[in-house]
Amino acid sequence: MKQSLKLTGLKLTGLAVLLGTVAAPAMAQEKIKVGIIVTLSGPAAVLGQQSRDGFQLAVKDLGGKMAGKDVEVVVVDDELKPDGAVSKAKGLLEREKVDFVVGPIFSNILQAIHRPVTDNKTFLISPNAGPSSYAGKECNPFFYVTSYQNDQVHEILGKVAQDRGYKRVYVLVPNYQAGKDSAAGFKLDYKGEIVEESYTPLNTLDFQVELTKIANSKPDALFTFMPGGMGVGLVKQYRQAGLAEKIPVLSAFTVDESTLPAQQDAAVGMFGGANWAPDMDNPQSKKFVAAYEAAYNSVPGTYAMQGYDTAMLIDSAVKAVKGDLKNKDAVSAALKKAEFISLRGDFKFNVNGYPIQNFYLTKVAKRPDGKFQTEIVEKVFSNYGDRYAKDCPAK
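Residues numbered from 1 in each chain as written. Predicted model: local features only at pLDDT ≥ 70, side-chain atom pairs only at ≥ 80, totals over all residues. Heavy atoms only, no water.

**Some details on the overall build of the protein chain**
Along its length, the protein chain carries 12 helices and 15 strands. Taken against the 2.2 N^0.38 rule, which gives 21 Å for 395 residues, the C-alpha radius of gyration of the protein chain at 20 Å falls within 12% of a compact globule. Summarising its shape, the C-alpha atoms of the protein chain cover approximately 65 × 45 × 40 Å along the three principal directions. Looking at the 395 residues of the protein chain, the share that counts as buried comes to 59%. A total accessible area of about 15,600 Å² is found for the protein chain, and carbon and sulfur atoms account for 50% of it. Counting 47 positive and 43 negative side-chain charges, the protein chain places the averaged centre of each group 3 Å from the other. (Helix = DSSP H or I, 4+ residues; strand = E, 2+ residues; numbered from the N terminus. Rg over C-alpha atoms; globule rule 2.2 N^0.38 Å. Buried < 20%, exposed > 50% of the residue type's maximum accessible area, 1.4 Å probe, protein only. Areas by Shrake-Rupley, 256 points an atom, 1.4 Å probe, with all protein chains shown as cover. Lys, Arg positive; Asp, Glu negative; His and termini not counted. Charge placed at Lys NZ, Arg CZ, Asp CG, Glu CD.)

**A word on the pairing of strand β6 (residues 123–126)**
Of the two faces of β6, the one holding Phe 123 and Ile 125 and the one holding Leu 124 and Ser 126 are both buried throughout. What joins strand β5 (residues 100–102) to β6 is helix α4 (residues 107–119), and the crossover it makes is right-handed. Where β6 meets strand β7 (residues 143–145), three bridges bridge the pair, whose relative direction is parallel. The residue bridging Ser 126 from the neighbouring strand is Val 145, located in β7. (Right-handed = clockwise from strand over helix to strand, strands pointing away. Pairing = 2+ DSSP bridges.)

**Let's talk about the environment of Asn 350**
With respect to the helices, strands and loops of the structure, Asn 350 is situated in the loop between β13 (348–349) and β14 (355–366). Overall, the relative accessible area of 14% leaves Asn 350 in the buried class. When the C-alpha atoms of Asn 350 and Tyr 384 are compared, they prove to be 9.7 Å apart, with 34 residues separating the residues in sequence.

**A closer look at the confidence of the model for the protein chain**
In this model, the protein chain carries an average pLDDT of 92, and 92% of its residues clear a pLDDT of 70 or more. Per-residue pLDDT stays below 50 along residues 1–28; that stretch engages in 47 contacts with residues further than four places along the chain or on separate chains. (pLDDT = per-residue confidence, 0-100. Contact = heavy atoms within 4.5 Å.)

**Comments concerning unusual backbone geometry**
Cis rather than trans, the peptide bond between Gly 103 and Pro 104 has omega equal to 0°. If you trace the backbone, Pro 104 turns up in the loop between β5 and α4. Of note in this structure, Asn 203 is not a glycine but carries a positive phi near 75°. Along the chain, the position of Asn 203 falls in the loop between β9 (193–200) and α7 (208–217). Although it is not a glycine, Asn 383 adopts a positive phi angle of roughly 45°. Relative to the helices and strands, Asn 383 resides in strand β15 (residues 372–384). Residue class for Asn 383 comes out partly exposed when judged on its relative accessible area of 49%.

**Re the pairing of strand β10 (residues 221–224)**
The alternating pattern of β10 places Ala 221 and Phe 223 on one face and Leu 222 and Thr 224 on the opposite face, and all of these are buried. The sheet contact formed by strand β8 (residues 168–174) and β10 spans four bridges and is parallel. Among the inter-strand pairings, Val 171 is bridged to a residue of β10, identified as Phe 223. Where β10 and strand β11 (residues 249–251) come together, three bridges link them in parallel fashion.

**Remarks on the nonpolar core**
Of all hydrophobic cores here, the largest spans 98 residues; its most connected members are Phe 55, Phe 100, Phe 288 and Leu 335. By residue number, the principal contributor to this core is helix α11 (residues 302–320), which donates 10 residues. With sequence-adjacent residues up to four places away left out, Phe 288 is seen in contact with Leu 57, Trp 276, Pro 300, Ala 304, Met 305, Tyr 308 and Leu 343. (Core = buried A, V, L, I, M, F, W, Y, C linked by side-chain atoms within 4.5 Å.)

**Some thoughts on the side chain of Asp 386**
Mapping Asp 386 onto the fold places it in the segment after β15. Despite being buried, Asp 386 has no salt bridge partner; Arg 387 is the closest side chain of opposite charge, sitting 7.3 Å away. In terms of polar contacts, Asp 386 uses its side chain to reach the side chain of Asn 352, at 3.0 Å. Engagement of the side chain of Asp 386 in a polar contact is seen with the backbone nitrogen of Tyr 388, the distance being 2.9 Å. Once residues within four sequence positions are removed from consideration, Asp 386 is found in contact with Ala 135, Gln 149, Gln 152, Asn 350, Asn 352 and Tyr 354. (Salt bridge = Lys/Arg side-chain N within 4 Å of Asp/Glu carboxyl O. Polar contact = N/O pair within 3.5 Å; in protein donor to acceptor, adjacent residues only side chain to side chain.)

**A closer look at helix α5 (residues 150–163)**
Among the 14 residues in α5, 11 count as buried, and that is most of the element. Of the positions making up α5, those classed as buried are Asn 150, Asp 151, Gln 152, Val 153, His 154, Glu 155, Ile 156, Leu 157, Gly 158, Val 160 and Ala 161. Just past α5, the residue Gly 165 takes up positive phi, approximately 75°.

**Some words on the packing of aromatic side chains**
Scanning the entire structure with this criterion turns up 20 aromatic pairs. On the numbers, 5.8 Å between centres and 50° between planes, the contact of Phe 288 with Tyr 292 is tilted. Here Phe 288 pairs with Tyr 292, and both are found in helix α10 (residues 283–296), just four residues apart, close to one helical turn. Accessibility expressed as a relative area gives 1% for Tyr 292, which makes it buried. Connected via pairs of aromatic rings, a cluster forms that spans Phe 106, Tyr 148, Tyr 176, Phe 225, Phe 253 and Tyr 303. (Phe/Tyr/Trp six-rings, centres within 6.5 Å; stacked < 30°, edge-to-face > 60°.)

Okay, here's the thing in structure tokens:
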């Protein structure tokens, strides 16, 4: 087995060969091969784990098959290192010869692997990262996003801040593409004063300097985007500093099901923006949440939901072309139709391959069973497409 690749725990019917074993040509033609490249180590590992687990749960629900063909899933850890991610993505393409690449979590990794994958005319489907870079004139028929365009989730909080009359807001985000997109998204609808924009190095865990600035500037609210371990550190330190009772937190991917097991009571009452929450009131979502909790003993977040939807999207396309993936145009057209039942309800693709969907304000709550989850407070945007799609030359 190649050391750079990690095979998932899925044991699917008909897949007796291991990685590195040469399969007969007929066998190779009879399976659908998906490469997953997400962050599975370091402070942000839980994000990738949820995405991977959601995808695997969907494959399990499909009986390990798409259009009657066995599904093989190969998982690699991008380690949140762009250069290493490029090598691993090329390994999925050249050695594993996957039909689809699913990932990544972070936008800087997506920017590194986007061209190698799409230039190879292999479909790259992002279950999380959705930078503005590929939503406009650089849109690509081999690239699809099942989450959102990065700005959109943050626009929710800007709209809420504006509607609630917050006159002064402090912005705190990490210094990389998604962080910049988040600040831009927040400011799209928010017209009040930005007291300060603080851009911290990616993977910052100590926020004492920033918390002092926030306390001294006394804004009406804090807007922040701090995913994974960064969010855990910020929320705990924010609560310990006594700021949670004084300055409300409007956040995206800072208090969610990937961080709540570590944040717990420190996050209760903090607001977030999302395209889904575990209390989503539709039958497919309720079934998914119950199955995910039973399988992984944790509450699924948007990362898991989007991973699940990605597998179902691929399944819908494979079925539409009856398992024949050689006609790339047909596969692309089938993907764009998105003929599957999304866990979030309404879902369709815009011309740029990014979703048109609903967005919600959420709030952290403690459940009767002692677990923590985000819950929908209100719908903020309906059937909302991103503002870059108009620049995509629809093909």
